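# Observations on the three-dimensional arrangement
Here is what each chain is made of, one letter per residue.
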Amino acid sequence: AFLLGMMLFGIGILIGWDGFLKILHPAPAELHMDLLNTAGIAAALLSIAGKEWMYQFTIRCAKKINSSAMAADAWHHRSDALSSVGSLAGVIGLRLGYPLVDAVACLFISRFIFVAAWEISADAFRRMIDAACPAEVTQMMTRHILSNQEVLSLDALKTRMYGPKIYADIEITVDKNISFEHSHEIASGIHDDIESTMGTIKHCMIHVNPSGLTHHHHI
């Protein structure tokens, strides 16, 4: 995913540079025949439709399996579609006698590709360095833990991304007067609830602290 993100950066640079050169050296509109313009419009429309369909199909699969590599590949399809949008704008601009439309379209398209490349590369980099999971996932885990009325407090919640999956280390406080067996049942119940309801959780480790403990050895 990181390498594909870098490739998207390269595509954005090439498209932006092409647009910059076209601003400096605009193509003369009179050299382009109407027949060529019509064929170019048809080809661009066909390419946009096909590549956008491939993007939608691939991005749905990427979300289903939580794959950043497949999401990056989907954006490669969309970058092709955006390139075709630039081609379409350019051909229409030439047909109307405004060759600079193509150059301006290239600059706008390169910006969209840069944004996508940054998001994909940053996400892949976070996964490679075992960064913490997104805040919304942590909040969801917190709700699951505190929904158990026997949990007196959530003392620590550490998460790390491992590819498309998440590992979590959790510390909770329970009543010190309950049995060891019962505290184990509380921890096991939370463990099973989190792993069964949140598909992105690979494994969670739960440590139980007794109430009244002043110094917790946080993970």
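Here, the structure is the one placed above.
Attention in this report is confined to the structure presented alongside it. The structure presented is a predicted model; accordingly, all values stated were derived computationally and were not measured.

## Examining a nonpolar patch on the surface
Taken together, the side chains of Trp17, Phe20, Leu21, Ile23, Leu24, Leu100 and Leu107 make up a nonpolar region of the molecular surface, amounting to roughly 630 Å² of accessible area. Every element with two or more residues in the nonpolar patch is listed here: α1 (2-24) and α4 (100-128). Ranked by residue count, the leading element in the nonpolar patch is α1, at five residues. Residue class for Phe20 comes out partly exposed when judged on its relative accessible area of 39%.

## Some thoughts on the packing of helix α3 (residues 68-96) against α4
Orientation of α3 relative to α4, taken along the N-to-C sense of each, is 175°, at an axis distance of 8 Å. Classified by the interaxial angle, the pair formed by α3 and α4 is roughly antiparallel. For the pair α3 and α4, contact is made by Ser68, Ala71, Ala72, Trp75, Ser79, Leu82, Ser83, Val85, Gly86, Ala89, Gly90 and Gly93 and by Val101, Asp102, Ala105, Ile109, Phe112, Ile113, Ala116, Ile120, Asp123 and Arg127, respectively. In terms of residue class, the contact of α3 with α4 is built from 13 nonpolar, six polar and three charged.

Cut-offs applied
Residues numbered from 1 in each chain as written. Predicted model: local features only at pLDDT ≥ 70, side-chain atom pairs only at ≥ 80, totals over all residues. Heavy atoms only, no water. Patch = residues over 30% accessible without salt bridge, like charges linked within 9 Å, V, L, I, M, F, W, Y side chains within 5 Å. Areas by Shrake-Rupley, 256 points an atom, 1.4 Å probe, with all protein chains shown as cover. Salt bridge = Lys/Arg side-chain N within 4 Å of Asp/Glu carboxyl O. Helix = DSSP H or I, 4+ residues; strand = E, 2+ residues; numbered from the N terminus. Buried < 20%, exposed > 50% of the residue type's maximum accessible area, 1.4 Å probe, protein only. Axes fitted to C-alpha atoms, helices over the stretch in contact; angles between N-to-C directions. Parallel < 35°, antiparallel > 145°, perpendicular 65-115°, else oblique. Contact = heavy atoms within 4.5 Å. Nonpolar A, V, L, I, M, F, W, Y, C, P; charged D, E, K, R; others polar.

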